[in-house]
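In case you want the letters, here they are:
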Amino acid sequence: MQGGPLWIRDILAVHIVAGGLCLVLAPIALALTKGGRWHRRWGTLYFWSMGAVAATALPLAMVRSVLFLALVAVLSFYLTFSGYRVLRLKDLAQGGSAKPIDWAAAVLTFAACACLAGFALYRPAWVQNMGIVAIVLGLLGMRAAAADIYRFVRKPTQRLFWLTVHLEKFIASYIAAWTAFSVVTLSRLFPHATLAVWLWPATIGVPAIALTVVYYRRKYAGASTQSLPSPA
């Protein structure tokens, strides 16, 4: 964006700083005791940093007329938002209800990701001819939003649902942060490895999500409700 309007460069600077914070904050929060004061503080800072990344990505994408990046920004922030909001929706397992903001975010994200995958198939130029990358990200985003919508309608019965969803979504959003970093940096070093540059974080991160969820399900299997980490 060199030589562009000053406000664009300012937004880009905020975007880069916030993205760098995300890469550092997530492993710190994950390493700390779940539900502890410092885990919550670092996790909240990560949430707002991801919010800044998405908020700055949208105007940058519009200025550059890159619909693909705008739709990916929606997906990336939704993963963080959903992981944060589920800590306020623990009562779903006791018959509670999702709030309008939860429904609106899930439906909007599902629609955005459907466009991402659909345009890749039928109007590839609209999403910068990203092909399989756009399809994979679109399908993953649709699945994430649909799972939340299903959870809002068919209330979960597992008392641990909020913990595993929280971990899944936050780690998935961290994968998205690494994907963005990979594309910006590695694509310059490996210009002919577009697919690998986009998808290697997910190749590593998805199994990491599965292992983390299994670990915590086993850890708290049979534990009393009082022994679970606090969602507050």
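Residues numbered from 1 in each chain as written. Predicted model: local features only at pLDDT ≥ 70, side-chain atom pairs only at ≥ 80, totals over all residues. Heavy atoms only, no water.

Asker: It is not clear to me how unusual backbone geometry should be interpreted in this structure. Could you clarify?
Answerer: For residues that are not glycine, phi is negative in most cases, and the peptide bond is trans in most cases. The phi torsion at Gln-128 lies on the positive side, around 55°, for a residue other than glycine. The topology assignment puts Gln-128 in the loop between helix H4 (100-122) and helix H5 (132-153). Here Asn-129, not a glycine, exhibits a phi torsion of approximately 55°, which is positive. One can find Asn-129 in the loop between H4 and H5. (Helix = DSSP H or I, 4+ residues; strand = E, 2+ residues; numbered from the N terminus.)

Asker: Sorry, what's going on with the confidence of the model for the protein here?
Answerer: Detailed reading of the predicted coordinates is not advisable wherever pLDDT is low. The share of residues in the protein with pLDDT of 70 or more is 92%, and the mean pLDDT across the chain is 85. When pLDDT is averaged over each helix and strand of the protein, the minimum, 82, is found for helix H7 (residues 194-219) and the maximum, 95, for H4. (pLDDT = per-residue confidence, 0-100.)

Asker: I'm lost on empty space enclosed by the protein in this one. Help?
Answerer: Here the idea is plain: a probe the size of a water molecule rolls over the atoms and shows the empty space left. Tallied over the full model, the rule gives one cavity of 30 Å³ or more. Here the largest cavity is characterised by a volume of approximately 90 Å³. Among the secondary structure elements, those contributing two or more residues to the lining of the largest cavity are helix H3 (67-85) and H5. Considering every element that reaches the lining of the largest cavity, the biggest residue donor is H3, with four residues. (1 Å grid on protein atoms, 1.4 Å probe; cavity = no way out; pocket = protein on both sides within 12 Å on 5 of 7 lines; lining within 4 Å. Points joined across faces, edges and corners; volume = space filled by probe spheres on them.)

Asker: Could you clarify how one ought to interpret the pattern of salt bridges in this entry?
Answerer: Pairs may arise between side chains of opposite charge once their charged atoms sit close together. Tallied over the entire structure, the rule returns three salt bridges. Across the salt bridge formed by Asp-102 and Arg-85, the nearest N and O atoms sit 2.8 Å from each other. Here the residue Asp-102 occupies a position in helix H4, and Arg-85 occupies one in helix H3, the gap between them amounting to 17 residues. In terms of burial, Asp-102 and Arg-85 fall into one category: buried. For Asp-148, the salt bridge identified is with Arg-151, shortest N-O distance 2.5 Å. (Salt bridge = Lys/Arg side-chain N within 4 Å of Asp/Glu carboxyl O. Buried < 20%, exposed > 50% of the residue type's maximum accessible area, 1.4 Å probe, protein only.)

Asker: Help me understand the packing of helix H1 (residues 6-31) against helix H2 (residues 37-64) in this model?
Answerer: When two helices pack together, their arrangement is given by the angle between the helix axes and by the axis-to-axis distance. Across the interface, H1 lies against H2 with an axial gap of 8 Å and an inter-helix angle of 150°. When the interaxial angle is binned, H1 and H2 end up roughly antiparallel. Handedness of the H1/H2 crossing: left-handed. When its residues are assigned to classes, the contact of H1 with H2 shows 22 nonpolar, six polar and no charged. (Axes fitted to C-alpha atoms, helices over the stretch in contact; angles between N-to-C directions. Parallel < 35°, antiparallel > 145°, perpendicular 65-115°, else oblique. Left-handed = near helix turned anticlockwise from the far one by under 90°. Nonpolar A, V, L, I, M, F, W, Y, C, P; charged D, E, K, R; others polar.)

Asker: Would you mind going over H4 with me for this structure?
Answerer: Turn by turn, an α-helix covers 3.6 residues, leaving residues three or four places apart pointing in a common direction. With 23 residues, H4 extends 32 Å from end C-alpha to end C-alpha; this agrees with the ideal 33 Å at 1.5 Å per step. Turning to H4, its buried residues number three or more, namely Asp-102, Ala-105, Ala-106, Thr-109, Ala-112, Cys-113, Leu-116, Ala-117 and Ala-120. In this structure, the buried residues of H4 make contact with H3 and H5. (Expected span 1.5 Å × (residues − 1). Contact = heavy atoms within 4.5 Å.)

Asker: For this particular structure, what's the right way to read the packing of aromatic side chains?
Answerer: Any aromatic ring pair is given by two values, namely how distant the centres are and how the planes are angled relative to each other. Tallying each qualifying case throughout the model produces 11 aromatic pairs. Here Phe-68 and Trp-198 contribute two aromatic rings whose centre-to-centre distance is 5.1 Å and whose plane-to-plane angle is 80°, an arrangement assigned as edge-to-face. Residue Phe-68 is found in helix H3, and its partner Trp-198 is found in helix H7; the two are separated by 130 residues along the sequence. A residue is classified by how much of its surface remains accessible, and Phe-68, at 2% relative accessible area, is buried. Trp-198 sits in the buried class, given a relative accessible area of 10%. Taken together through their ring pairs, the aromatic side chains of Phe-47, Trp-48, Phe-77, Tyr-78, Phe-81 and Tyr-84 make up a single cluster. Positioned over the ring face of Tyr-84 is Arg-88, at 5.1 Å from the centre of the ring. For the cation-ring pair, Arg-123 lies above Trp-126, with the distance from its terminal atom to the ring centre recorded as 5.8 Å. (Phe/Tyr/Trp six-rings, centres within 6.5 Å; stacked < 30°, edge-to-face > 60°. Lys NZ or Arg CZ within 6 Å of the ring centre and 35° of its normal.)

Asker: Whenever I open this one, the nonpolar core confuses me. Can you help?
Answerer: Side chains of a nonpolar character, in soluble globular proteins, are inclined to be buried together. One finds Phe-68, Leu-116, Val-127, Ala-134, Leu-137 and Trp-198 to be the most contacted residues of the largest nonpolar core, which totals 27 residues. Those elements that provide at least two residues to this core are H3, H4, H5, helix H6 (161-189) and H7. Sort the elements by how many residues they give to this core and H5 lands first, with six residues. The residues contacting Phe-68, other than those within four sequence positions of it, are Leu-116, Trp-126, Val-127, Gln-128, Met-130, Val-133, Ala-134, Leu-137 and Trp-198. Grouped together as the second largest cluster of nonpolar side chains are 20 residues, Phe-81, Ala-98, Trp-162 and Leu-167 included. (Core = buried A, V, L, I, M, F, W, Y, C linked by side-chain atoms within 4.5 Å.)

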